[in-house]
Every structure is written in C-alpha cells, then in structure tokens.
Amino acid sequence: MTFPPPKTESPAQRFEEATAAARDALERLIAAANEAGWGTEEITAAFLKAAQFLSDANKRDPDPADDPSISDAPAREQIGHGELYD
C-alpha cells in the first residue's frame, strides 16, 4: 500500500490531507476485511483499538529506532539452576 506525501507545510492543511489519505486507506482496508469475512462494525472497532494502542505506544516511545538492539543489551543472569524449563 502506498501513502501520498504531504503537499503543504501548513499544519491545518497537512491534517486535512492526512485525514483524507487515512480515510481512503481505511476504506480499502475495510473492503478487504469485508471480503475476508469481517463485519464493518467489528473491523472498524478493531482499527480504533489498534490506532489507540499505536498512539499510546508512540507517546511512550516516540522513536523506538533509537532504542538499543537486543544484542546490545547486557546479558541477564539465568533464573534457576539450568533446568530445561525455568
């Protein structure tokens, strides 16, 4: 899926452009979900919940790309005594 780039720097106009582009993308997603057997009400409710989750995550960590990779994290001590299932 492609998303159009903004055409202006004005915050109000960018918001209107983003809203129109998001609506178009969501209409296509809803149509695809309907074809797959999802009802419009249930899929739109799921989109709203997913969007809120992503918004909340972005507020907590606006740039996760700056986070250290897992391989850069210091090793933690093992829990237990080496059993197969700790």
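Check the entry above for the structure.
Remember, predicted model here, so these are calculated numbers, not experimental data. (Residues numbered from 1 in each chain as written. Predicted model: local features only at pLDDT ≥ 70, side-chain atom pairs only at ≥ 80, totals over all residues. Heavy atoms only, no water.)

Looking now at the overall build of the protein. Of the regular secondary structure elements, the protein holds two helices and zero strands. Across the 86 residues in the protein, those meeting the buried criterion constitute 7%. On the protein, roughly 7,800 Å² of surface is accessible, and the fraction owed to carbon and sulfur atoms is 60%. (Helix = DSSP H or I, 4+ residues; strand = E, 2+ residues; numbered from the N terminus. Buried < 20%, exposed > 50% of the residue type's maximum accessible area, 1.4 Å probe, protein only. Areas by Shrake-Rupley, 256 points an atom, 1.4 Å probe, with all protein chains shown as cover.)

Now for the packing of helix H1 (residues 11-35) against helix H2 (residues 40-60). Contact pair H1 / H2: the axes reach a minimum separation of 10 Å and the direction vectors enclose 130°. In this view, H1 runs oblique relative to H2, as classed from their interaxial angle. Read as a crossing pair, H1 and H2 show a hand that is right-handed. Judged by residue contacts, Leu26, Leu29, Ile30, Ala33 and Asn34 of H1 engage Thr40, Ile43, Thr44 and Phe47 from H2. Residues that form the contact of H1 with H2 fall into these classes: six nonpolar, three polar and no charged. (Axes fitted to C-alpha atoms, helices over the stretch in contact; angles between N-to-C directions. Parallel < 35°, antiparallel > 145°, perpendicular 65-115°, else oblique. Left-handed = near helix turned anticlockwise from the far one by under 90°. Contact = heavy atoms within 4.5 Å. Nonpolar A, V, L, I, M, F, W, Y, C, P; charged D, E, K, R; others polar.)

Estimates place the volume of the largest pocket at around 210 Å³. Lining the largest pocket are Leu26, Ile30, Thr44, Phe47, Leu48, Ala50, Ala51, Leu54 and Ser55. Elements represented by at least two residues in the lining of the largest pocket include exactly H1 and H2. Residue contributions to the lining of the largest pocket peak at seven residues, all from H2. (1 Å grid on protein atoms, 1.4 Å probe; cavity = no way out; pocket = protein on both sides within 12 Å on 5 of 7 lines; lining within 4 Å. Points joined across faces, edges and corners; volume = space filled by probe spheres on them.)

Turning next to the pattern of salt bridges. Side chains that differ in charge, positive against negative, can pair when their charged atoms come close. Within this structure, the stated rule accounts for one salt bridge. Between Arg14 and Glu9 there is a salt bridge, with its nearest N and O atoms 3.9 Å apart. Given a relative accessible area of 66%, Glu9 falls into the exposed group. (Salt bridge = Lys/Arg side-chain N within 4 Å of Asp/Glu carboxyl O.)

A few words now on the environment of Glu16. Note on placement: Glu16 falls in helix H1. Residue class for Glu16 comes out exposed when judged on its relative accessible area of 52%. For the pair formed by Glu16 and Pro6, sequence separation is 10 residues and the distance between their alpha carbons is 10.0 Å.

Below, the discussion takes up a nonpolar patch on the surface. Residues Met1, Leu26 and Leu29 make up a contiguous nonpolar surface patch of about 300 Å² in total accessible area. Mapped onto the elements of the fold, Leu26 is located in helix H1. (Patch = residues over 30% accessible without salt bridge, like charges linked within 9 Å, V, L, I, M, F, W, Y side chains within 5 Å.)

Let us look at H1. When the terminal C-alpha atoms of H1 are compared, their 36 Å separation across 25 residues agrees well with the 36 Å that a helix rising 1.5 Å per residue should span. Among the residues trailing H1, Gly37 stands out with phi positive, at a value near 110°. (Expected span 1.5 Å × (residues − 1).)

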